[in-house]
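A look at the structure
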Amino acid sequence: MDGQKRIQSALISVFHKDGLEPLVRELDRLGVHLYSTGGTQEFIQKSGLPVTPVEDLTTYPSILGGRVKTLHPKVFGGILGRRGLATDVAQLEEYDIPPIDLVIVDLYPFEATVASGGSEEDIIEKIDIGGISLIRAAAKNHADVVIIASMAQYADLLHLLKEQNGSTDAAQRRAFAKAAFAVSSHYDGAIYSWFAKGQGDLRLSAGPTTVLRYGENPHQMGAFHGDLSGMFEQLNGKELSYNNLLDLDAAVELIDDLGTIKGVPFAILKHNNACGAAVRPTVREAWDAALAGDPVSAFGGVLITTACIDKATAEAIDPLFFEIIAAPDYEADALAVLMKKKNRMILKRTGSPRPSVKVRTALNGILSEHADHVVPSIASMCTATSMAPTEREVSDMVFATILVKHTKSNAIVLAKNDQLLASGTGQTSRVDALQQAIAKAGKFNFDLNGAVMASDAFFPFPDCVEIAHQAGITAVVHPGGSIRDQDSIDYCNAHGMAMCITGNRHFKH
C-alpha cells in the first residue's frame, strides 16, 4: 500500500471514554507508546496499561484549571514534524521531541451543553482549545500522522489496527484527516452560531452525511446531512429516501403544532401536504377521522401521531399501503401487526430540537430565514365582525389555521369538529384554492354547513368569503393586512358570518 507507515506512538486525550478501552488495549498489544492527559490518563492506568503523562513530556503541569495541558512545542512539534524533511528531523532530535504518529481526540460536548440549557459559564468552558488544536495539527500532517477526531471512529481505527498490524497507508490517513476537518468545522460552526444567536452570517454544518438511494428523482444524487438518529429510531423497513425525508419533515412540523390542541392528533401527508388530519380523544378515533378526510390520497402516504400506537389502531391502519408511520411508541402487539410488511418504514420518535433556521439554495447563493414558530391559538383569534364565532368555531379556526400554515401556498383549509374536510393547495389564485377545496369536500360527501375556512394570507377581495358563504361555511379566519379587508368584513356582517384575523401570514413555498 502507498505511503505505508507503522504507528509507534500515540497521544490520547478524550472527553468520552465509551469504546476506548479495546482500542488502547490493541495499541498496547502492538507496542505503541501511549501519552495522555488528565482523566484519559487515569482511565488508561485503571485499565492496567502503561501510559506516559503529557506533563512528563513537557515538564509542565496542567494549569489554569485544565485549560492548558497539551499546548506545548514538545507535543505539537511531535505531531507537526515532517518525517521526510531532514531539517524537521534534526530539530526534533535537537530539542528531544519524540514523534507522535497517532492522535485520538474527542472534543468537549459544546453542543450538548448548549442544548441542555447550560449556563454561559458552563458553555464557555466547553469550548475546546487544546483538542481542536490537536485535531488541526494532526490532520494537517496526515502524510505522517493518523488523526481520530471523534469517538464514532474508535471502532474503525480498531478494525484497521487489527487488519494491518498497526500500519496505515496514505489514503487511509487522508480519509481520517478529511473526517477530522469535518468535525472541527462543525464544532466551530456550532460555537459561532451560539455567539451569533441567529444574527450573524450563515454557517452551515449539519453533522454526518448519509448518501441516499437518489434525490428527488432517480437520475439525481441525494444525501442527508445531519444525525437522523437523534430524532428517530427506525424499527422496520427500507432506508429513508430523499422524498421520504421531505415528507417526514413536513409531518413533524405539522404534528408538533397540532399537539398543542387538547386531544390526540393524527395526520396523513402526501408531497408535504396534509391530506387527512384530525384531533380526537383516542388514537384510533383520530386515525379514523384523519383517513376519512381523503382515503384516496392516503395511499402511499406518511402517517404521524403524538400517541402510542395500540393494536386496535395498528389493525385499522394495516390494510392501507403507506410509506412511513411515525409515533413516540408502539405496543408490542401493534408492532407485530405493522411489521408484517418488511418495507414499511416504522419510526419511533426519540426527540431532538429542530433547527431554528431554515435554508435553501436560490440563484447563485443560499436563502435563510428563522423557522415559522408562531403556533395559532385561541388567543390569536381576534374577532373582526359584529358576529363573534362560537366556541366550536374558534376551536376549528385554530385547527384549520395550523393546517393552512403547513400547506403549500396559495392555500385554503376547510375544517369542522377538529377534522380536515378538504384543502386547496399550491394554487396561483386563492379563489382557485377555495374552489378546489370545496370540490374535494363534495367528492367525499362532507357537509360544509357550519364549517370554517382558513387562508394562509389575506383576502384581497371579498370573493372568497362570498364563495365560502354559498357553500355553507359560517366562519372564516385569515391574517388580514389587505387594504380591502373591510370589504370582506362587510360581506360577512351582511350575511351572518363570523371572521377572525390573526395578524400572522403563513406563506409556504
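What you are looking at is a predicted structure, and each value in this text was computed from that prediction instead of being measured.

Conventions adopted
- Residues numbered from 1 in each chain as written.
- Predicted model: local features only at pLDDT ≥ 70, side-chain atom pairs only at ≥ 80, totals over all residues.
- Heavy atoms only, no water.
- Helix = DSSP H or I, 4+ residues; strand = E, 2+ residues; numbered from the N terminus.
- Rg over C-alpha atoms; globule rule 2.2 N^0.38 Å.
- Buried < 20%, exposed > 50% of the residue type's maximum accessible area, 1.4 Å probe, protein only.
- Contact = heavy atoms within 4.5 Å.
- Areas by Shrake-Rupley, 256 points an atom, 1.4 Å probe, with all protein chains shown as cover.
- Lys, Arg positive; Asp, Glu negative; His and termini not counted.
- Charge placed at Lys NZ, Arg CZ, Asp CG, Glu CD.
- 1 Å grid on protein atoms, 1.4 Å probe; cavity = no way out; pocket = protein on both sides within 12 Å on 5 of 7 lines; lining within 4 Å.
- Points joined across faces, edges and corners; volume = space filled by probe spheres on them.
- Phe/Tyr/Trp six-rings, centres within 6.5 Å; stacked < 30°, edge-to-face > 60°.
- Axes fitted to C-alpha atoms, helices over the stretch in contact; angles between N-to-C directions.
- Parallel < 35°, antiparallel > 145°, perpendicular 65-115°, else oblique.
- Left-handed = near helix turned anticlockwise from the far one by under 90°.
- Nonpolar A, V, L, I, M, F, W, Y, C, P; charged D, E, K, R; others polar.
- Pairing = 2+ DSSP bridges.
- Core = buried A, V, L, I, M, F, W, Y, C linked by side-chain atoms within 4.5 Å.

1. Some thoughts on the overall build of the protein
The helix and strand tally for the protein stands at 18 helices and 23 strands. By the compact-globule yardstick of 23 Å for 509 residues, the protein is too spread out, its C-alpha radius of gyration being 30 Å. Counting only C-alpha atoms and orienting by the principal axes, one finds that the protein spans roughly 95 × 50 × 40 Å. Buried residues in the protein amount to 48% of all 509 residues. Long-range contacts, defined here as pairs at least 24 residues apart, represent 57% of the contacts in the protein between residues at least 6 apart. Working note: accessible area of the protein is about 24,200 Å², and carbon and sulfur atoms make up 53% of it. Distance from the positive charge centre (46 side chains) to the negative charge centre (59 side chains) of the protein: 4 Å.

2. Comments concerning helix H8 (residues 130-140)
Counting buried positions over the 11 residues of H8 gives 8, a clear majority of the element. Turning to H8, the residues buried within the fold contact strand S2 (9-14), helix H4 (73-80), strand S5 (102-106), strand S6 (146-148) and helix H10 (170-196).

3. Notes on the layout of surface pockets
Space inside the second largest pocket adds up to approximately 430 Å³. What lines the second largest pocket is a set of 26 residues, among which Gly66, Arg67, Lys69, Tyr108 and Asp128 lie closest to the centre. Secondary structure elements with two or more residues in the lining of the second largest pocket: S2, helix H2 (38-46), S5, helix H7 (120-125) and H8.

4. Details of the packing of aromatic side chains
Considering all chains together, one arrives at 6 aromatic pairs under this definition. Taking the centre distance of 6.3 Å and the plane angle of 65° together, the rings of Phe110 and Tyr187 count as edge-to-face. With Phe110 in helix H6 (residues 110-115) and Tyr187 in helix H10, this pair connects stretches of sequence that are 77 residues apart. Of the two residues examined, Phe110 and Tyr187, each falls in the buried class. Aromatic ring contacts, followed pair by pair, group Phe110, Tyr187, Trp194 and Phe195 into a single cluster.

5. Focus on the packing of helix H1 (residues 20-29) against helix H9 (residues 154-164)
At a minimum axis distance of 9 Å, the contact between H1 and H9 shows a crossing angle of 25°. Here H9 runs roughly parallel to H1, going by the angle between their axes. The two elements H1 and H9 meet at a crossing, and its hand is left-handed. For the pair formed by H1 and H9, the contact residues are Leu20, Pro22, Leu23, Glu26 and Leu27 on the first element and Tyr154, Leu157, Leu158, Leu161 and Lys162 on the second. By residue class, the composition of the contact of H1 with H9 is 8 nonpolar, no polar and 2 charged.

6. What to know about the sheet that holds strand S18 (residues 382-383)
Reading across from one edge, S18-S23-S22-S21-S19-S20 is the order of the 6 strands in this open sheet, with mixed pairing throughout. Strands at the two margins of the open sheet, each flanked by one partner only, are S18 and strand S20 (420-424). Note: strand S22 (residues 475-478) against strand S23 (residues 498-501), 4 bridges, orientation parallel. Residue Ala475 lies in a different strand from S23, and its bridge partner there is Ala498. Contacts from helix H18 (residues 485-494) reach S22 and S23, with the element oriented near 150° to S23.

7. Comments concerning the sheet that holds S5
Sheet architecture is open: 5 strands sit in the order S4-S3-S2-S5-S6, paired in parallel fashion. Strands with a single pairing partner mark the edges of an open sheet, and in this sheet they are strand S4 (52-53) and S6. With respect to the sheet, H9 is in contact with S2, S5 and S6, its orientation differing from that of S5 by roughly 160°.

8. A short note on the nonpolar core
Here is a general trend for soluble globular proteins: nonpolar side chains tend to be buried in one another's company. Formed by 53 residues in total, the largest nonpolar core has its most connected members in Ile12, Leu34, Ile79, Leu102, Val103, Ile104 and Ile147. For this core, the element with the highest residue contribution is H10, accounting for 7 residues. Setting aside its immediate chain neighbours within four residues, Leu34 contacts Ala10, Ile12, Val24, Leu27, Ile44, Pro50, Val51 and Thr52.

9. Notes on the packing of helix H11 (residues 242-258) against helix H15 (residues 391-405)
Between H11 and H15, whose axes approach to 10 Å, the crossing angle comes to 165°. Between H11 and H15, the angle is such that the two are roughly antiparallel. In the packing of H11 onto H15, the handedness of the crossing is right-handed. Between H11 and H15, the residues in contact are Leu254, Asp257 and Leu258 and Phe399, Ile402, Leu403 and Lys405, respectively. Grouping the amino acids of the contact of H11 with H15 by side-chain chemistry returns 5 nonpolar, no polar and 2 charged.

10. Regarding the environment of Asn236
Here Asn236 is to be found in strand S10 (residues 232-236). The class for Asn236 is buried, based on a relative accessible area of 12%. The spatial distance from the C-alpha of Asn236 to the C-alpha of Val146 is 37 Å, given a sequence separation of 90 residues. Beyond its immediate chain neighbours, meaning those up to four positions away, Asn236 contacts Met339, Lys341, Lys342, Arg344, Met345 and Ile346.

That's the geometry; what it means functionally is another story.
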